[in-house]
Amino acid sequence: MFFPENFPPNLTEDLKNFLLLAQEKWQKNKSPKNIKTVFRAVLKENKFLFKNIPPIWWLRFILLRWEKNFSPEFIKATKSLIKTKVRSYSGILPVAVFTKPVGCPFHCLYCPETKTLPKSYLKDEPALMRALRENFDPYSQTRNRLISLALSGHNANKVEIIIKGGTFSFYSQKYRQKFVKEVFDAANSDILKIIKTGKENFSKSKSLIEAQKLNEKAKTRIVGINIETRPDFITPQEIEFLRKLGVTHVELGVQILDDDILKKINRQQMVSQVIQATFLLKESGFKITYHLMPNLPFSSPEKDLKTFKKVFTSSFSPDHLKIYPTVIPKESKLKKLIENKVYRPYSLKKLISLLVKVKTEIIPPWVRISRLARDVSEKSILAPKIPSNLREIVLGEIKKLGKKCQCIRCREIKDKPWKGTPKLRIFNYSASEGKEYFLEFIDNNHHCLGFLRLRIPAYILNPKIKPLFSVLKDAALIRELHIYGPATPLAQKDLLFTQHRNLGKKLIAKAEKITKKLKIKKIAVISGVGVREYYRKLGYKLQQTYMVKNLK
Ligand code: SF4
Ligand SMILES: [Zn+2]
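Residues numbered from 1 in each chain as written. Chains lettered and ligands numbered in written order. Predicted model: local features only at pLDDT ≥ 70, side-chain atom pairs only at ≥ 80, totals over all residues. Heavy atoms only, no water.

Chemist: Even after reading the chapter, I still don't get the overall build of the protein chain, so can you show me in this structure?
Modeler: A tally of regular secondary structure across the protein chain gives 20 helices and 16 strands. The C-alpha radius of gyration computed for the protein chain amounts to 25 Å, which stays within 12% of the reference 24 Å derived for 552 residues, consistent with globular compactness. Counting only C-alpha atoms, the protein chain reaches 75 × 65 × 55 Å along its principal axes. Per-residue burial for the protein chain yields a buried fraction of 57% across its 552 residues. Expressed as a percentage of contacts within the protein chain between residues at least 6 apart in sequence, the contacts between residues at least 24 apart total 72%. In the structure as shown, the protein chain presents an accessible area of about 25,300 Å², 54% of it carried by carbon and sulfur atoms. Side-chain charges of the protein chain comprise 105 positive and 49 negative groups, with the mean position of each set lying 4 Å from the other. (Helix = DSSP H or I, 4+ residues; strand = E, 2+ residues; numbered from the N terminus. Rg over C-alpha atoms; globule rule 2.2 N^0.38 Å. Buried < 20%, exposed > 50% of the residue type's maximum accessible area, 1.4 Å probe, protein only. Contact = heavy atoms within 4.5 Å. Areas by Shrake-Rupley, 256 points an atom, 1.4 Å probe, with all protein chains shown as cover. Lys, Arg positive; Asp, Glu negative; His and termini not counted. Charge placed at Lys NZ, Arg CZ, Asp CG, Glu CD.)

Chemist: How do you make sense of the sheet that holds strand E3 (residues 221-229) when you look at a structure like this?
Modeler: For sheets, the rule is that strands pair by backbone hydrogen bonds, running either parallel or antiparallel. Within the open sheet, the seven strands sit side by side as E1-E2-E3-E4-E5-E6-E8. Their pairing is parallel. Either end of the sheet is taken by a strand with one partner, and the two such strands are strand E1 (93-98) and strand E8 (368-371). Averaged over neighbouring strand pairs, the angle between their axes works out to 25° when direction is ignored. With three bridges joining them, strand E6 (residues 320-323) and E8 adopt parallel strand pairing. Residue His320 lies in a different strand from E8, and its bridge partner there is Arg368. (Pairing = 2+ DSSP bridges. Axes fitted to C-alpha atoms, helices over the stretch in contact; angles between N-to-C directions.)

Chemist: For this particular structure, what's the right way to read the coordination of the zinc ion (ligand 2)?
Modeler: For a metal with four tetrahedral donors the ideal donor-metal-donor angle is 109.5 degrees, while six octahedral donors give ideal angles of 90 or 180 degrees. Every protein donor of the zinc ion (ligand 2) is accounted for by Lys359 (NZ), Cys405 (SG), Cys407 (SG) and Cys410 (SG), and the metal-donor separations fall at 2.2 to 2.7 Å. Every donor counted, the four donor atoms about the zinc ion (ligand 2) form angles of 84 to 125° at the centre, which fits irregular coordination. In the primary sequence, the donor residues of the zinc ion (ligand 2) line up as K-x45-C-x1-C-x2-C. Exposure remark for Cys405: the relative accessible area of 8% places this residue in the buried category. (Donors = N, O, S within 2.8 Å, 3.2 Å for Na, K, Ca; no water. Tetrahedral: all angles 85-135°; square planar, octahedral: opposite > 155°, others 65-115°.)

Chemist: Help me understand the packing of aromatic side chains, please; the structure alone is not making it clear to me.
Modeler: Here a ring pair, both rings aromatic, is described through the centre-centre distance and the interplanar angle of the planes. For the coordinates displayed, the defined rule picks out 25 aromatic pairs. Look at Phe18 and Phe48: their rings are 5.5 Å apart centre to centre, the planes differ by 90°, and that puts the pair in the edge-to-face class. Remark: Phe48 occurs in the loop between helix H2 (35-45) and helix H3 (56-65) and Phe18 occurs in helix H1 (residues 12-28); sequence separation between them is 30 residues. Using a relative accessible area of 16% as the deciding quantity, one classes Phe48 as buried. Each member of the aromatic cluster is reached from another via a ring pair, and the members are Phe3, Phe7, Trp57, Trp58, Phe61 and Trp66. (Phe/Tyr/Trp six-rings, centres within 6.5 Å; stacked < 30°, edge-to-face > 60°.)

Chemist: So what exactly am I meant to see when it comes to the pairing of E6 here?
Modeler: Where a strand is regular, its side chains alternate between the two sheet faces. Neither face of E6 is open: one carries His320 and Lys322, the other Leu321 and Ile323, and all of them are buried. As paired strands, strand E5 (residues 287-292) and E6 are joined by four bridges and run parallel to one another. Among the inter-strand pairings, Tyr290 is bridged to a residue of E6, identified as Leu321.

Chemist: Sorry if this is basic, but what is going on with H1 here?
Modeler: Every α-helical turn comprises 3.6 residues, leaving residues that sit three or four positions apart pointing alike. End to end, H1 covers 25 Å across 17 residues, agreeing with the expected 24 Å (1.5 Å per residue, within 8%). Those residues of H1 that are buried are in contact with H2, H3 and helix H4 (72-79). (Expected span 1.5 Å × (residues − 1).)

Listed below in structure tokens is the structure:
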């Protein structure tokens, strides 16, 4: 019998009795608001193995598994107690899974190297703790996460898989293919059925292609797969393999754009490799995140600022940014540098002032800063103390200066209603020998409601350059389409949902119009497997892992 992770099976009978008594009491005075009062009263009047109201997701689990014992009204009433911690306000829920800990042959100075953990990670990261419990099994990690999202009130029907664990490209193709196939298998399983019946119901497909095909119409659709790797591992062969897996987004460990410092920190990569990886990935339609590390040994706030400025010149220009100010993990080689007084991390004040400058003076409006610091507990690191609310502190400083950060993250609408009629604005810029168009809908308050990235690739602008995939010949690329809005079920037709869906269609129509005007015959989308159906309805066809449309 399957029980969700972290659920105490020994309390099952008590929890059931608790809910049955609560149901009886609640039926006398039906009001969803008083359900908590009812719970408190039942707790006071009876003896259970627990003293406080149990976590609501435990109760939801009991109600789902023993559904027949409870009335639909009572089940509905308990829903009012779920306070969904909205992890995603863009309608897509992230599901992080870890590969097993063998993934990187390098020894960067700052990298935590704990033998039993994937390199570059510290054990207090929640997704990593889950992975450890499941022995890094991809199916169980995904299934458990989907179950916990479902029990905490989420509609996990659109998910983005974030594969973590250091350098993904270092693992064998065989391991990676099996890993991704099993992630798809878990998404293709009927999660609600597993919760209700306790039977595994493992959807086991024969091949990755079969698993992907099934996912096109599954209840939980994988709308994107995100991996992290080193720029020097990005080769044409690697890109072909990543597409086969269904990867849509690559996070590159860039750290700093300074060959001298890269050498001193033993990174064994060069800035020229970042340029080449960015080029290859963009020309195949991938979305790109750069990881940047201010406060590295041998750097300075001035040098860091130089990197940030350089990052937004045309040879680089990532779409997303994760800023990870250097921390000194207890197990890393950085410790020695500190002891020998070779390295002294910046004061918090210096770091904040650097981040304020980056946010207010450098970041263009088409970039999303998804992280400003690493999410680690103080226990795993020696120094420096970086407050967990660093982003809020930095935003507070920016406000004091009467300025604003223009990045997408600071402007996204979240699940608030928008003001006025959405307006389309378009930016264009040169990047990696091609031309990028950033199309976005904004409301009267400049909130971003949704955006699309269209690329006119170098292989169109320069006949000497050939695309990696034959299907991309003569095709402009849609690299990203993102519409903000609550996690709404795919088939739900409420007003908000329709509005959001229409913005997506309008952005695609505009991208097609721009492409036609440039006399380009085709458009190709690097679509996640779970979004293929959406594009099919708009006249796109699956060709070599891309959704392609011939423009007349
Ligand atoms: S490449 Fe990444 S995982 Fe490998 S040693 Fe360097 S920081 Fe750690
Ligand atoms: Zn911002």
